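Inside the fold
The chain contents come next:
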Amino acid sequence: MLKSLFSGVSGLQSHQVAMDVESNNIANVNTVGFKYSRANFSDLLAQTKAIATAPQGQLGGKNPVQVGLGSSASSLTRIFAQGSVQNSDKNTDVAIQGDGFFIISPDGGNTYKYTRSGDFKFDANGNFVDNNGFIAQGWLRDSVTGEVDSTAPIEDINIPPGLTTPANPTQEVVIKANLNSGTLVESFSPAYSVDSGSTGSTPAVDDNGYAIASGDVGVMFNESGEAFSLQDGQGVWASFLASTITGTAVTGGLAADSTESITFDLDDGSTQTVSFTFLAGNTAAQNAAIEANAINSYASTLGITATVNASNQVVLTNDNSDASAAHNISINAVSSADTGFAAGDADQTAYRYTYNSAGATTTAGADKEFTSIATLREALENQALAETGASGIEISVNEQGKLEVTNADSTSYDINLKITGLSETGVTENERFTTNMKAMNTVLIAGSTGKSYSQAFNVATHSSSIDVFDSLGSKHTLRVEFRKVSVDAATGSSWDMTITVPQPATIDTVAPTYEKKGSIRFNSDGSLATYTPPNISFTGNNGSSPDQQINLSLGTANKFDGMTSFDSVSATSGISQDGYTGGDLVGIRIDQSGTLIGSFSNGRSFGLAQIAMAKFTNNEGLSAEGGNVFIQTANSGDPIIGTAATAGRGYIQSAALEASNVDLSRSLTQLIIIQRGFQANGKTITTSDQLLQTLIGLKQ
């Protein structure tokens, strides 16, 4: 009978423990990071009245006869289910989404404690602490490498108040851009200026007044951005004077009709014969008119205009105005001296000016070849000055990239400049180049102030700029200009590269010291081939460290990861550098990996520290110490320390806290169950008491 009393008592005790556990859960319903517990019941050792027996013969086996002695709260289980994540307005609040614990220490890292409560803040000394004053553990930024090394031992997270970052001089500039390789460009600049009389390898003058190569006409563009795309042999005819031959007086008064002819040489080496008949009894003037009319009937072929002067002489003139006709006068043969002409009579003032990518020939009195706009200018000027009576004629390339002709000397001849297209067997006319040059066609009277201009010659260009920093944090604008200079059908295109910085800073040892020349070449598929210089030596001349080395990263050879040259608009898709000026810490935010990222007044942001996280083999084996803190036990296993979102550790959400995982509906239901269980156990005691009273009453 007493056993039932003790069973009831054990039940009351077990339910009292369960009541204590559930009350604690409810009490912590609003505790940040709290994990609820449950009481686990087990029965007590049973009293055996009879042991079990095995079957024997025809008699079956018997089960043991045991009477239970009650129950006990044998263990408590902490449930580490995820609590809901609630956003907060504090940047230093952090919540763990997934498995793991924050590591905190009360004694500078000698001992560690663990928590799910991410209500952290900075104290007066810059320590990252929880509400108990325990300092969060993690990794700090290495002042030498500038990186947070998460493989190093963890330590107190401390960010000193008033933290500043020193200036970081630029060490690398990265440029990603496309330079248009097509025949139509939107970004272009005029050809460099070339003065009259300039010769040599660097006859032009750049924007800063320094000598420089003038540029290959073959890769230049007109005023609409359309490429000339000159091929070897293409060009124009040009003359500064009309070709003129005056014959002797034509014979008249012939006794009989006389068939006459004059054979002219044409540009292609062939000939054209003009035949006519002098009539018997005609005067010299009449025969001269017949001859002139016959020659004029072939004007579309010969390009010659024939007139008769007062002396009955036929005057032949070719002003090089008809591109499809011959451009000079050359008589190959005549039928007789009666025509007033003789074989070999000739006058040449028009010459071919053709493009030759291999080199130039600018000698006067012969056909000429040019490569650059400087050699084209030189060839034209040489010929203009070689004509009889020439004096003071100047041809230059002005700042607009236009060929400019002046005839200011009154003692010179009157220029009758005529330029026509060049089209011959195997050579097609380059209409864009011809149009550019034909704009010069005009008459310039000797001693006049008038000028003749071609259309502008332009070069495909593109530029990018970025501010770089010296050791003092001072800004200097680094400008990189690319200028197309050549095209090779086999290897691709080449561009000049000009790097400049504002004075008094320098990047070169030769004048101009604020400018550095280089080049960049592309493969035929548009990928980068090579470039130079790979780096520049920068000196600010303002008290900062001299000879600051800045690497230029324009991409990888034979790759498309940097500079490219495709048939698309020239544009910079990315430009960056790694320098910055000094700055003060103005704010901190925390990312999903637990990195504390500092924002500074100089606009820079970088990791200052990283919060460490620990996970355990058996979270339920941890021992609670109060204050939302757990400590390691023999049954929890050793902590596995690392960064958030790795190796099974959860990720960190900033400006948020993990709420208690207590479910009130479950807890209140448990209260009812515990209450009824407690009442039922009490009932067994009162019932046993009544039975004892009945038993005692038997003696009476």
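Residues numbered from 1 in each chain as written. Predicted model: local features only at pLDDT ≥ 70, side-chain atom pairs only at ≥ 80, totals over all residues. Heavy atoms only, no water.

1. Digging into the side chain of Ser-660
Here is the rule: A run of H or I in DSSP becomes a helix once it reaches four residues, and a run of E becomes a strand once it reaches two; helices and strands are each numbered from the N terminus. Pairing of N or O atoms within 3.5 Å defines a polar contact, subject to two protein rules: one partner must be a possible hydrogen donor and the other a possible acceptor, and residues neighboring in sequence count only if both atoms are side-chain atoms. Residue contacts follow a heavy-atom distance rule, with two residues in contact if any of their heavy atoms lie within 4.5 Å.
Positionally, Ser-660 belongs in the loop between strand S50 (656–658) and helix H6 (664–697). In this structure the side chain of Ser-660 is engaged in a polar contact, spanning 3.0 Å, whose partner is the backbone oxygen of Asn-28. In this structure the side chain of Ser-660 is engaged in a polar contact, spanning 3.2 Å, whose partner is the backbone nitrogen of Val-662. Contacts of Ser-660, omitting those with residues within four sequence positions, involve Asn-28, Val-29, Asn-30, Thr-31, Gly-33 and Phe-34.

2. Details of the packing of aromatic side chains
The geometry of an aromatic ring pair comes down to the distance between the two centres and the angle between the two planes. Worth spelling out the cut-off: In summary, the pairing rule links any two rings of Phe, Tyr or Trp, Trp by its six-membered ring, whose centres are within 6.5 Å, and it sorts them by plane angle into stacked for under 30 degrees, edge-to-face for over 60 and tilted for everything else. Exposure categories follow from relative accessible area, calculated using a 1.4 Å probe and restricted to protein chains: below 20% of the type maximum is buried, above 50% is exposed, and the middle band is partly exposed. Whether a charge lies above a ring is judged from NZ of Lys or CZ of Arg, which has to be within 6 Å of the ring centre and within 35 degrees of the ring normal.
Taken as a whole and judged by the stated rule, the model has 17 aromatic pairs. Geometrically, the ring pair formed by Phe-80 and Phe-630 is tilted, given 5.7 Å between the ring centres and 50° between the ring planes. Placement of Phe-80 in the loop between strand S4 (71–78) and strand S5 (85–87) and of Phe-630 in strand S47 (residues 629–631) is noted, with a sequence separation of 550 residues between them. Using a relative accessible area of 6% as the deciding quantity, one classes Phe-630 as buried. Arranged with centres 5.4 Å apart and planes meeting at 85°, the rings of Phe-102 and Phe-120 form a pair that is edge-to-face. Taken together, the residues span a long stretch of sequence, with Phe-102 in strand S7 (residues 101–105) and Phe-120 in the loop between strand S8 (113–115) and strand S9 (121–122) at a distance of 18 residues. What makes Phe-120 buried here is its relative accessible area of 0%. By way of ring pairs, the aromatic residues Phe-80, Phe-101, Tyr-114, Phe-616 and Phe-630 are connected into one cluster. Residue placement shows Lys-368 over the ring face of Tyr-351; its charged tip is 4.2 Å from the ring centre.

3. With respect to unusual backbone geometry
A cis amide bond links Gln-503 to the next residue, Pro-504, at an omega of 10°. The amide bond that connects Ala-511 to the next residue, Pro-512, takes the cis arrangement and shows omega of -5°. Its location among the elements puts Pro-512 in the loop between strand S36 (492–500) and strand S37 (515–522). Here Asn-558, not a glycine, exhibits a phi torsion of approximately 65°, which is positive. Inspection of the secondary structure assignment puts Asn-558 in the loop between strand S40 (548–553) and strand S41 (571–577). Despite not being glycine, Ala-655 has its phi angle at roughly 55°, a positive value. With respect to the helices and strands, the residue Ala-655 is situated in the loop between strand S49 (651–654) and S50.

4. Side note on the sheet that holds strand S32 (residues 442–444)
This is how it is decided: Only strands joined by at least two bridges in the DSSP assignment are considered to pair. Axis definition: a line fitted to C-alpha atoms, limited for helices to the stretch in contact. Angles are taken between N-to-C directions and run from 0 to 180 degrees.
A sheet is described by the order of its strands in space; here 5 strands give the open sequence S28-S27-S19-S31-S32, paired in mixed fashion. Of all the strands in the sheet, just strand S28 (368–370) and S32 have a single pairing partner and so form its edges. If you compare each strand with its neighbour and ignore which way they point, the axes differ by 25° on average. Bridge count between strand S19 (residues 235–239) and strand S27 (residues 351–355): 4 bridges; the pairing is antiparallel. Within S27, the position partnered with Ala-238 by the bridge is Tyr-351. Together, S19, S28 and strand S31 (415–421) form the strand contacts of helix H5 (residues 431–438), whose direction differs from that of S19 by roughly 25°.

5. A closer look at the nonpolar core
Put simply, the test is: Here, the term nonpolar core denotes a set of buried Ala, Val, Leu, Ile, Met, Phe, Trp, Tyr and Cys residues that are joined through side-chain atoms within 4.5 Å.
In terms of nonpolar packing, the biggest core is built from 37 residues, with Phe-240, Tyr-353, Leu-380, Leu-403, Phe-433, Met-437 and Phe-457 touching the most fellow members. With 6 residues, the single largest contributor to this core is helix H4 (residues 373–386). Aside from chain neighbours lying at most four places away, what touches Met-437 is Val-236, Leu-376, Leu-380, Leu-403, Ile-419 and Phe-457.

6. Describing the side chain of Gln-577
If you trace the backbone, Gln-577 turns up in strand S41. What makes Gln-577 buried here is its relative accessible area of 15%. A polar contact of 2.7 Å, which involves the side chain of Gln-577, links it to the backbone nitrogen of Gly-579. If we ignore the near neighbours within four places in the chain, the residues touching Gln-577 are Thr-170, Glu-172, Val-173, Ile-466, Asp-467, Val-468, Phe-469 and Arg-604.

7. Digging into the pattern of salt bridges
Applied cut-off: The term salt bridge refers to a side-chain nitrogen of Lys or Arg lying within 4 Å of a carboxyl oxygen of Asp or Glu.
The tally for this structure, following the rule as stated, stands at 16 salt bridges. The residue Glu-22 makes a salt bridge to Arg-666 at a minimum N-O spacing of 2.8 Å. On the criterion of sequence distance, the pair formed by Glu-22 in helix H1 (residues 2–27) and Arg-666 in helix H6 is long-range, its members being 644 residues apart. What makes Glu-22 buried here is its relative accessible area of 3%. A relative accessible area of 23% means that Arg-666 is categorised as partly exposed. Notably, a salt bridge pairs Lys-90 with Asp-93, separated by 2.8 Å at the nearest N-O pair. We classify Asp-93 as buried; its relative accessible area is 4%. When salt bridges that share partners are traced, they join Lys-35, Arg-116 and Glu-658 into one network.

8. Re the environment of Thr-251
Residue position: Thr-251 is located in the loop between strand S20 (243–249) and strand S21 (258–265). Thr-251 sits 27 residues away from Phe-278 along the chain, and the two C-alpha atoms are 8.8 Å apart. Within the local environment of Thr-251, its side chain forms a polar contact with the side chain of Asp-338, the two groups lying 3.0 Å apart.

9. A few points about the pairing of strand S34 (residues 458–469)
Burial of S34 is extensive: 9 of the 12 residues sit out of reach of the surface. Bridge analysis of strand S15 (residues 188–190) against S34 gives 3 bridges, and the strand direction is antiparallel. Each residue of the ladder has a partner; that of Phe-188, found in S34, is Ala-460. Judged from the 9 bridges that link them, S34 and strand S35 (residues 475–488) form a sheet pairing that is antiparallel. Bridged to Val-468 within S35 is His-476. Taking the residues that link successive antiparallel strands as the turn, the S34-S35 hairpin has 5 residues, and the phi of Gly-473 there is positive, at about 85°.

10. Thoughts on the sheet that holds S20
Hydrogen bonds between backbone atoms are what pair the strands of a sheet, whose relative direction is either parallel or antiparallel. In space, the 3 strands of this open sheet follow the order S20-S24-S23, with antiparallel pairing throughout. Taken across any chain shown, the strands that pair with only one partner, and hence form the sheet edges, are S20 and strand S23 (305–308). Each strand axis lies, on average, 20° off the axis of its neighbour in the sheet, ignoring direction. Strand direction decides the pairing type here: S23 and strand S24 (residues 313–318), joined by 4 bridges, are antiparallel.

11. Focus: helix H2 (residues 284–296)
Applied cut-off: One fewer than the residue count of a helix, multiplied by 1.5 Å, yields its expected span.
The end-to-end C-alpha distance of H2, which contains 13 residues, comes to 18 Å, matching closely the 18 Å that a straight helix rising 1.5 Å per residue would cover. Looking at the buried side of H2, the elements it contacts are S21, strand S22 (271–278), helix H3 (299–302), S23 and S24.

12. A few points about the environment of Asp-347
Position of Asp-347 relative to the elements: it lies in strand S26 (residues 346–347). In this view, Asp-347 contacts Ala-242, Ser-243, Thr-244, Ile-245, Asn-328 and Ile-329; residues no more than four positions away in its chain are not counted.

Keep in mind that these numbers describe shape and distance, not what the molecule does.
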